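# Residue-level structural notes
So you can see what is in the structure, the chains are spelled out below.
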Amino acid sequence: MKEYKMRRGETLEERIPDMEATVEEYFGPITGTEDFKGSDLFVVGEPKNPVFKRVVVGAVKYSGKKDRLAVNFEEADPTDLAPEDLEAAGEAVSAKNDFLLEATGRDAKSRRDSMKRAVEDDAPDY
């Protein structure tokens, strides 16, 4: 499960006021919920894109901090996909990036840089 911060001065609720509808729009009907760090996340058990096997997404609430977006994209092995489903791979990447951009206000490069900084912050000093 990956967690993403919002841009400075923005909250997840401002960016996506109706998380359920937004998740369904991007990935398909919600089939249940799953607990993660005390928050209920939406589960799409049968995503509309065949590349995704399962999608878990939602807001994780922290006391005294801004909510974070938590996502887990379970994807099929590309070698297991039928030739007609290979086209869907590009659409799957676009769906993930478009959703994360809408939710966080950060493009893929900004999200990568943020993740790198978080890892560097956790590294011990020698």
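Structure first, text after, so check above.
What comes next is a walk through the structure. (Residues numbered from 1 in each chain as written. Predicted model: local features only at pLDDT ≥ 70, side-chain atom pairs only at ≥ 80, totals over all residues. Heavy atoms only, no water.)

## A few points about the pattern of salt bridges
Counted according to the given criterion, the structure contains seven salt bridges. Note that lysine 61 is salt-bridged to aspartate 67, the shortest N-O span being 3.2 Å. Exposure remark for lysine 61: the relative accessible area of 54% places this residue in the exposed category. On the basis of relative accessible area, aspartate 67 is assigned to the partly exposed category, the value being 22%. Linked by salt bridges that have partners in common, Arg7, Glu10 and Arg15 make up one network. (Salt bridge = Lys/Arg side-chain N within 4 Å of Asp/Glu carboxyl O. Buried < 20%, exposed > 50% of the residue type's maximum accessible area, 1.4 Å probe, protein only.)

## What about the nonpolar core?
Within the largest apolar cluster, 26 residues are counted, with the highest numbers of intra-cluster contacts made by Met19, Val23, Phe27, Leu69, Val71 and Phe99. When residues no more than four places from it in sequence are discounted, the contact partners of methionine 19 are Leu12, Phe42, Leu69 and Phe99. In terms of nonpolar packing, the next biggest core, distinct from the first, is built from six residues, Phe36, Leu41, Val43 and Val60 among them. (Core = buried A, V, L, I, M, F, W, Y, C linked by side-chain atoms within 4.5 Å. Contact = heavy atoms within 4.5 Å.)

## Brief notes about the sheet that holds strand β5 (residues 68–75)
Strand order across the open sheet formed by five strands is β1-β5-β4-β3-β2, with antiparallel pairing between neighbours. If you trace the sheet from one side to the other, it starts and ends with β1 (2–4) and β2 (32–36), each paired once. Going from strand to strand, the sheet's axes swing by 25° on average, the running direction of each strand aside. Strand contacts of helix α2 (residues 19–27): β3 (39–44), β4 (52–60) and β5, with the helix running at about 25° to β3, the strand carrying the most contacts. On top of the sheet, helix α3 (residues 86–104) reaches β1, β4 and β5; it is set at about 175° to β5, its chief contact. (Pairing = 2+ DSSP bridges. Helix = DSSP H or I, 4+ residues; strand = E, 2+ residues; numbered from the N terminus. Axes fitted to C-alpha atoms, helices over the stretch in contact; angles between N-to-C directions.)

## Details of the packing of aromatic side chains
Following the criterion strictly, the structure yields six aromatic pairs and no others. Consider the rings of phenylalanine 27 and phenylalanine 99, whose centres lie 5.3 Å apart with planes at 70°: the pair is edge-to-face. Remark: phenylalanine 99 occurs in helix α3 and phenylalanine 27 occurs in helix α2; sequence separation between them is 72 residues. Assessed through its relative accessible area of 0%, phenylalanine 99 is described here as buried. What links up through ring pairs into an aromatic cluster is the set Tyr26, Phe27, Phe52, Phe73 and Phe99. The positively charged end of lysine 65 is found above the aromatic ring belonging to tyrosine 62, 5.5 Å away from the centroid. Between arginine 68 and the ring centre of tyrosine 62, over which it is positioned, the NZ or CZ distance is 5.9 Å. (Phe/Tyr/Trp six-rings, centres within 6.5 Å; stacked < 30°, edge-to-face > 60°. Lys NZ or Arg CZ within 6 Å of the ring centre and 35° of its normal.)

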